[in-house]
Amino acid sequence: MKKTTYFLFLIVPMILVVGALLLPLVGSLLPTFLQPSEYVRFFQDEYNRTIFYRSIRLSLITTVLCILLGLPTSYWLSLLSEKKRRLLNSLILFPLLTNAVVRGFAWITILSKNGIINQALKAIHLPTIQLLYTDAAIVIGSVYLFLPVMVNTLSPVMENIGSETIEAAHTLGAKPVVVFLKVVLPLSFSGLLIAGVMVFAGSISAYTTPTLLGGNKKMMLASLLYQQTNALSNWDAASRIAFIMLICSLGVQKLFSIISKKVDRREAQNV
Amino acid sequence: MYKHRGLKAIAILTLLFIFVPLILIMITAFNEADIISLKFTGVSLKWFTKVFKSRSLTSALKMSFSLSLKATILGIFIGILASIALVKIPGKLSNALLSMFLSSSLIPGIVMGFVLFRFLVVKLAIPMNTSLMCGHLLIILPYSIRLISAGLKECDVSIEEAARTLGCKPFKAFVIVVLPDLKGAILSAFMMGFINSFNNIPVSMYLKGPGMNTLPYAMMNYIEYNYDPTASALSVMLMLVTVAFMVIIDLLTGKKSDGRK
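Predicted model only: the values in this text are computed from it and were never measured. (Residues numbered from 1 in each chain as written. Chains lettered and ligands numbered in written order. Predicted model: local features only at pLDDT ≥ 70, side-chain atom pairs only at ≥ 80, totals over all residues. Heavy atoms only, no water.)

## Side note on the overall build of chain A
Here's step 1: In terms of regular secondary structure, chain A is built from 14 helices and zero strands.
Here's step 2: When the helices and strands of chain A are placed in sequence order, the string is α-α-α-α-α-α-α-α-α-α-α-α-α-α.
Here's step 3: With the principal axes as the frame, chain A shows a C-alpha extent of 75 × 65 × 40 Å.
Here's step 4: Taking all 271 residues of chain A together, the buried fraction comes to 51%.
Here's step 5: Within chain A, residue pairs in contact and separated by at least 24 positions form 73% of the contacts whose partners lie at least 6 positions apart.
Here's step 6: With the model as given, the accessible surface of chain A reaches about 13000 Å², and the carbon-plus-sulfur share is 66%.
Here's step 7: Here chain A carries 23 positive and 11 negative side-chain charges, and the mean point of each set is 3 Å from the other. (Helix = DSSP H or I, 4+ residues; strand = E, 2+ residues; numbered from the N terminus. Buried < 20%, exposed > 50% of the residue type's maximum accessible area, 1.4 Å probe, protein only. Contact = heavy atoms within 4.5 Å. Areas by Shrake-Rupley, 256 points an atom, 1.4 Å probe, with all protein chains shown as cover. Lys, Arg positive; Asp, Glu negative; His and termini not counted. Charge placed at Lys NZ, Arg CZ, Asp CG, Glu CD.)

Right under this line is the structure:
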């Protein structure tokens, strides 16, 4: 077959990806730069600013919590026997494939006014507390959403470190904590960076979970974008929010992948 | 081995955090009580029958299933053709094209839904059904192209060449020689594509059209106005489908690799 025939095979995905998505995306975003003052006005608005800072803050907290829980867990998994490890890894895959509404709903049943926690509080005659529609609820839901991503991304990184390296450190007398901090952490650092940025980008662009657990009181960027289009049909404002979201997700991801490559290269030179 | 007690504690905490909420949903779905509660008053399947009695949920289920099935099958076909081309095209160009095709998975879902709605529906006035299909193809394509092109790269090219040299037509050679080797990749692509299309909310939300509803969105609406174990029962059903998918794929791809050895 001629080379040109192969390009025919690419026509449909080209039309879809370039024609229906990438060009319209550029077409929607470019006109917003003609009025840069509108971006300034966006951030001058108290309402918008609160939502923007909340999105950044909660996504950062989510990322840190995912690292604090996910890093030790994936290290622990890598120390298990292969059979146990594979079983647990596929179990952790399960929530990843489960609908975000189901996972958000699970936390609604736990946190809501008549939820499981408040029912327990009532049973022991304590006052109930407002848990749902708070920043904390959004963070819990987001960590719940992305912790499996973190563990699944780090697992192969941890397995690559190899038990010989860890064994050597132990044989030479390093305590487990020292092994973790001085051997495991540096060797998994670039993987950790990529996974962390993935979690950050994911939680700042998530729609379902913050909407279910934050409600109208605690909006995030994605729900603000939807509100601008659905209730107000304000395309320009929505395009500006879309651009800000792209910078916060895709932009941050690209930036860090460049940084992590640089870090990797430096490590390689040191060796 | 060199396990540390603190390490194990964090890992177990993480696993509990991941699985306990899902287990709680399962318990409340089978509880007869009228509110979502762990106080068990009796085992009952009434919430499951209530799911099927709700017309908004059943029609959304039908719509979601048929949409995702059609989109995934179409997405796999496009993915196979694109992967063949990507393997044959010279390296640098092929890599650039591949990362372009994968780019739609990096764009936030809500941004994608908004842009597609604004361009396809508002500007070009393409019917909602077609736009929705385009949106779901864009969700599926990154999985289908990435998994199938990776599978194709691992295939032994010489066998296909041998078939062709022996007089087999290119299409027949592909179907008889290459396709069986791609079975695993195609199955994983099918699973990932279908699940991600079926679970998607932001893209469907913009493109579903008036009066139509995909299941996750219908469920979100249901939760907003009702707080009873019907949603728990529906959740359990969706989880069962996920488990079934995982087991089927595991059996099919597992057998294949055993057979090779």
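## Some words on the overall build of chain B
Here's step 1: Scanning chain B from terminus to terminus reveals 11 helices and zero strands.
Here's step 2: Listing each helix as α and each strand as β along chain B from the N terminus yields α-α-α-α-α-α-α-α-α-α-α.
Here's step 3: For the C-alpha atoms alone, the extent of chain B along its principal axes is close to 70 × 60 × 35 Å.
Here's step 4: In chain B, which comprises 261 residues, the proportion classed as buried is 50%.
Here's step 5: Contacts in chain B between residues far apart in sequence, at least 24 positions, make up 69% of those at least 6 positions apart.
Here's step 6: Of the roughly 12700 Å² that chain B leaves accessible, carbon and sulfur atoms contribute 68%.

## Quick word on the packing of helix H3 (residues 55-88) of chain B against helix H6 (residues 128-154) of chain B
Residues and elements named next belong to chain B.
Here's step 1: Where H3 meets H6, the axes come as close as 7 Å, and the angle between the chain directions of the two elements is 45°. As the angle between them shows, H3 and H6 are arranged oblique. Both H3 and H6 take part in a crossing whose hand is right-handed.
Here's step 2: Tallied by class, the residues present in the contact of H3 with H6 amount to 19 nonpolar, seven polar and two charged. (Axes fitted to C-alpha atoms, helices over the stretch in contact; angles between N-to-C directions. Parallel < 35°, antiparallel > 145°, perpendicular 65-115°, else oblique. Left-handed = near helix turned anticlockwise from the far one by under 90°. Nonpolar A, V, L, I, M, F, W, Y, C, P; charged D, E, K, R; others polar.)

## Brief notes about the environment of threonine 58 of chain B
All names here are of chain B.
Here's step 1: Turning to its location among the elements, threonine 58 is positioned in helix H3.
Here's step 2: For the pair threonine 58 and valine 241, spaced 183 residues apart in sequence, the C-alpha to C-alpha distance is 15 Å.
Here's step 3: Contacts of threonine 58, omitting those with residues within four sequence positions, involve Val51 and Phe52.

## Comments concerning the packing of aromatic side chains
The description of an aromatic ring pair uses the distance of the two centres, along with the angle that the planes make with each other.
Here's step 1: Summed over all chains, the structure comprises 21 aromatic pairs over all chains.
Here's step 2: Where phenylalanine 33 of chain A meets tyrosine 39 of chain A, the ring centres are 6.2 Å apart and the plane angle is 20°; that geometry is what we call stacked.
Here's step 3: Residue classification places phenylalanine 33 of chain A among the partly exposed positions, given a relative accessible area of 34%.
Here's step 4: Among the residues examined, tyrosine 39 of chain A registers a relative accessible area of 12% and is labelled buried.
Here's step 5: Pairwise contacts between aromatic rings join Tyr207, Tyr226 and Trp235 of chain A together with Phe114, Phe117 and Tyr206 of chain B into one cluster. (Phe/Tyr/Trp six-rings, centres within 6.5 Å; stacked < 30°, edge-to-face > 60°.)

## With respect to the interface of chain A and chain B
Here's step 1: With 79 residues of chain A at the contact, the number on the chain B side is 81 residues.
Here's step 2: In this structure, the connection of chain A to chain B is made through zero salt bridges.
Here's step 3: At the junction of chain A with chain B, the criterion picks out nine residue pairs in polar contact (both at pLDDT 80 or more).
Here's step 4: Looking at the side of chain A that touches chain B, the element that brings in the most residues is helix H2 (residues 11-29) of chain A, giving 13 residues. (Salt bridge = Lys/Arg side-chain N within 4 Å of Asp/Glu carboxyl O. Polar contact = N/O pair within 3.5 Å; in protein donor to acceptor, adjacent residues only side chain to side chain.)

## Side note on helix H8 (residues 170-199) of chain B
Here's step 1: Here H8 of chain B contains 30 residues, and its C-alpha end-to-end distance of 37 Å is more than 12% below the 44 Å for a straight helix at 1.5 Å per residue.
Here's step 2: At leucine 179 of chain B, H8 of chain B is deflected by roughly 55°, the largest bend along its length, and proline proline 180 of chain B occurs up to four residues later in sequence. (Expected span 1.5 Å × (residues − 1). Bend = angle between axes of the 7 residues up to and from the residue.)

## Details of the environment of alanine 218 of chain B
All names here are of chain B.
Here's step 1: By secondary structure assignment, the location of alanine 218 is in helix H10 (residues 215-225).
Here's step 2: Considered as a pair, alanine 218 and isoleucine 201 are 17 residues apart in the sequence and their alpha carbons are 9.9 Å apart.
Here's step 3: What alanine 218 contacts, discounting residues up to four positions off in sequence, is Ser56, Leu57, Ala60 and Asn213.

## Let's talk about the packing of H2 of chain A against helix H5 (residues 109-123) of chain B
Here's step 1: Running from N to C, H2 of chain A and H5 of chain B point in directions that differ by 90°, and their axes come no closer than 9 Å. In terms of orientation, H2 of chain A lies roughly perpendicular with respect to H5 of chain B. In contact with Gly19, Ala20, Leu21, Pro24, Leu25 and Ser28 of chain A of H2 of chain A, H5 of chain B contributes Val111, Met112, Val115, Leu116, Arg118, Phe119 and Leu120 of chain B.

## A few points about the nonpolar core
Here's step 1: Core analysis: the biggest nonpolar cluster contains 124 residues, and Leu225 of chain A together with Ile110, Val111 and Leu182 of chain B have the highest contact counts within it.
Here's step 2: If sequence neighbours within four positions are ignored, isoleucine 110 of chain B has contacts with Ser205, Tyr207, Ala222, Leu225, Tyr226 and Met245 of chain A together with Pro202, Met205 and Tyr206 of chain B.
Here's step 3: Among the nonpolar cores identified, the runner-up in size contains 39 residues, and Leu80, Val183 and Met220 of chain A together with Leu7 of chain B belong to it. (Core = buried A, V, L, I, M, F, W, Y, C linked by side-chain atoms within 4.5 Å.)

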